[in-house]
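Listed below, chain by chain, are the residues.
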Amino acid sequence: MEFNQLTIHELQKKLKDGSLTSVEITESVYRRIASVEEKVHSYITMMEETAIGQARAADRRIKEGNAGELTGIPIAIKDILCTEGVRTTCGSRTLEDFIPPYDATVVRKLKDVGAVFVGKTNMDEFAMGSSTETSRFGITKNPWDLERIPGGSSGGSAAAVAADECIASLGTDTGGSIRQPAALCGVVGMKPTYGRVSRFGMVAFASSLDQIGPITKDVEDCAIMMNVISGHDTSDSTSVPKEVPDYRAYISRDIEGCTIGIPKEYFVEGVDPEIRASIDTTIKTLEGLGARCLDISLPHTEYCIATYYIIAPSEASSNLARYDGVRYGFRAPNEENLLDMYRKTRSSGFGAEVKRRIMIGTYSLSSGYYDAYYKKASQVRALIRDDFDSAFTKCDVILTPATPTPAFKIGEKMDDPLQMYLCDIFTLSANLAGVPGISVPCGYTKGGLPMGVQFMANHFEEGKLLQIASAYEKNSKIERRMPEL
Ligand code: GLN
């Protein structure tokens, strides 16, 4: 086995006992990138030179006996997170040449513990999409089948982990963009509670829904990443000053007596039969471990898509107003006057999906329609949140499929936005309610495509998610396969 195929916790041991150096691990990651990146295209920008420097520094730090949890571990970063001195494009022409003068808080935290940055990963433009097809920088392919999408919008981050082009990565999740690509690429992805992880330095999409989180090879790695990135930050007023538990302590705890809610609204027609079957097996496995499954209802589920696709575009239309060609980012040439400059800059700087969202959002927020759309959606969002509050009086965690179907073919849904929006049917409720969710591999289709199960818990109960996900992972008897590339 190559070093780049190992998990964070496996590598930590080897780094600690001196049998491996960070430089060796980092080099093995770049060797892999050299051989498969052309096929998969996980990255927008490589950071090889600085990475080797970081790896050397990490090796010194380890020798001095002052290693943190991620010291020397090669991590990939979604290109929506600001990296000081390194281009941050957000998958858009608008930010094609944008070099941030500062690091996002999560990036700084990783730097502080001595992680190694492999590169910036591909994504849907401004994180709007479910397939990584709207990127200005080309399409990322699913490592399990290069004719298929890896999911999105953090498709590059998920594909890079699945293809062993990094050890772990950071993604962002506004409606499912960590959990959906993780499920479609056969890796673990967690969206933390809203406020658990600082959003400072994340290019804003929909500020009341956005969260940053890890994509990893297994659940223990997810806990390790959460330990490093969580916590209050005075630069993000929505981050919550709440103590961060040791998430790793939840790994390998038994789940005897744990109650798992199965919401009937998530087991409806339209779910792929192989996914349905694998979820049924998952439920049996968990019951076998002493968990108690009970039927619950989240009655406002049917309004989630409509609510999300009003709130997210509304916030996006406001957040993206800053890209005016004046302060930073792309500016179209040959303007005749100021208005003409705005028009040319914004119509050629943004792609079709981003423009569609800006138009939907501007419409929903306009004075004549605000009450009917944005205000109504905000009220329904409160009902969706109440559904979760009452469900969590009865159960510890909620179990659902992570996605309705396995990875689809490239191009299949690009002409039909509504079909694309339906990809997030099981993930966006967690963002609307602000609760944490994790997607964990639960098997492969006959055609060899990965499938994922999602667990959701009450606010700030990421520990419970890691506990149940890890118990499942250890007992599910799902072999760990590697994609053939
Ligand atoms: N696919 C959803 C959207 O297009 C979610 C994206 C995300 O979570 N960033 O809005």
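So, a few notes on the structure that sits alongside this text. (Residues numbered from 1 in each chain as written. Predicted model: local features only at pLDDT ≥ 70, side-chain atom pairs only at ≥ 80, totals over all residues. Heavy atoms only, no water.)

Counting buried residues in strand 9 (residues 397–401) gives five out of five residues, a clear majority hidden from the surface. Relative to strand 9, strand 7 (residues 259–263) runs parallel, the two being bridged by two bridges. Each residue of the ladder has a partner; that of G261, found in strand 9, is I398. The sheet contact formed by strand 9 and strand 11 (residues 450–457) spans five bridges and is antiparallel. (Buried < 20%, exposed > 50% of the residue type's maximum accessible area, 1.4 Å probe, protein only. Helix = DSSP H or I, 4+ residues; strand = E, 2+ residues; numbered from the N terminus. Pairing = 2+ DSSP bridges.)

Once that is clear, we can look at the site of the ligand. Not every one of the 15 residues close to the ligand is listed here, only the nearest: G175, S177, Y308, R357 and D424. With respect to the ligand, the backbone of T174 contributes an N or O atom lying 2.7 Å from an oxygen atom. Within the side chain of Y309, a nitrogen or oxygen atom sits 3.4 Å from an oxygen atom of the ligand. Protein chains shield 100% of the accessible area of the ligand, which is 300 Å² for the free molecule. Across the shell around the ligand, the residue classes break down as five nonpolar, seven polar and three charged. (Near = heavy atom within 4 Å. Polar contact = N/O pair within 3.5 Å; in protein donor to acceptor, adjacent residues only side chain to side chain. Areas by Shrake-Rupley, 256 points an atom, 1.4 Å probe, with all protein chains shown as cover. Nonpolar A, V, L, I, M, F, W, Y, C, P; charged D, E, K, R; others polar.)

A word on the packing of aromatic side chains. Evaluation of the coordinates by the stated rule reveals 15 aromatic pairs. Ring plane angle 85° and centroid distance 6.3 Å describe the contact between Y323 and F350, whose orientation is recorded as edge-to-face. You can see Y323 sitting in the loop between helix 9 (304–319) and helix 10 (338–349) and its partner F350 sitting in the loop between helix 10 and helix 11 (352–365), a full 27 residues away along the chain. Linked through ring pairs, F98, F126, Y323, Y328 and F350 together constitute an aromatic cluster. In this structure, K242 packs its charged tip against the face of F460, placed 5.4 Å from the ring centre. One cation-aromatic arrangement involves K413 over F408; the distance from NZ or CZ to the ring centre is 4.8 Å. (Phe/Tyr/Trp six-rings, centres within 6.5 Å; stacked < 30°, edge-to-face > 60°. Lys NZ or Arg CZ within 6 Å of the ring centre and 35° of its normal.)

In this structure, S153 follows G152 across a cis peptide bond, with omega equal to 10°. Inspection of the secondary structure assignment puts S153 in the loop between strand 3 (116–121) and helix 5 (155–162). Even without being a glycine, C90 presents a positive backbone phi close to 60°. Of note, C90 is situated in the loop between strand 2 (74–78) and helix 4 (105–112).

As a further point, take a nonpolar patch on the surface. There is a patch of nonpolar side chains on the surface, built from Y363, Y369 and Y373 and spanning about 280 Å² of accessible area. Positionally, Y369 belongs in the loop between helix 11 and helix 12 (371–391). (Patch = residues over 30% accessible without salt bridge, like charges linked within 9 Å, V, L, I, M, F, W, Y side chains within 5 Å. Salt bridge = Lys/Arg side-chain N within 4 Å of Asp/Glu carboxyl O.)

The angle between the axes and the distance between the axes are what describe a pair of packed helices. At a minimum axis distance of 8 Å, the contact between helix 1 (residues 8–16) and helix 7 (residues 219–229) shows a crossing angle of 75°. Between helix 1 and helix 7, the angle is such that the two are roughly perpendicular. Taking contact as the criterion, the partners of I8, H9 and Q12 in helix 1 are, on helix 7, E220, D221, I224 and M225. Of the residues contributing to the contact of helix 1 with helix 7, the split by class is three nonpolar, two polar and two charged. (Axes fitted to C-alpha atoms, helices over the stretch in contact; angles between N-to-C directions. Parallel < 35°, antiparallel > 145°, perpendicular 65-115°, else oblique. Contact = heavy atoms within 4.5 Å.)

Purely geometric numbers; function is a separate question.
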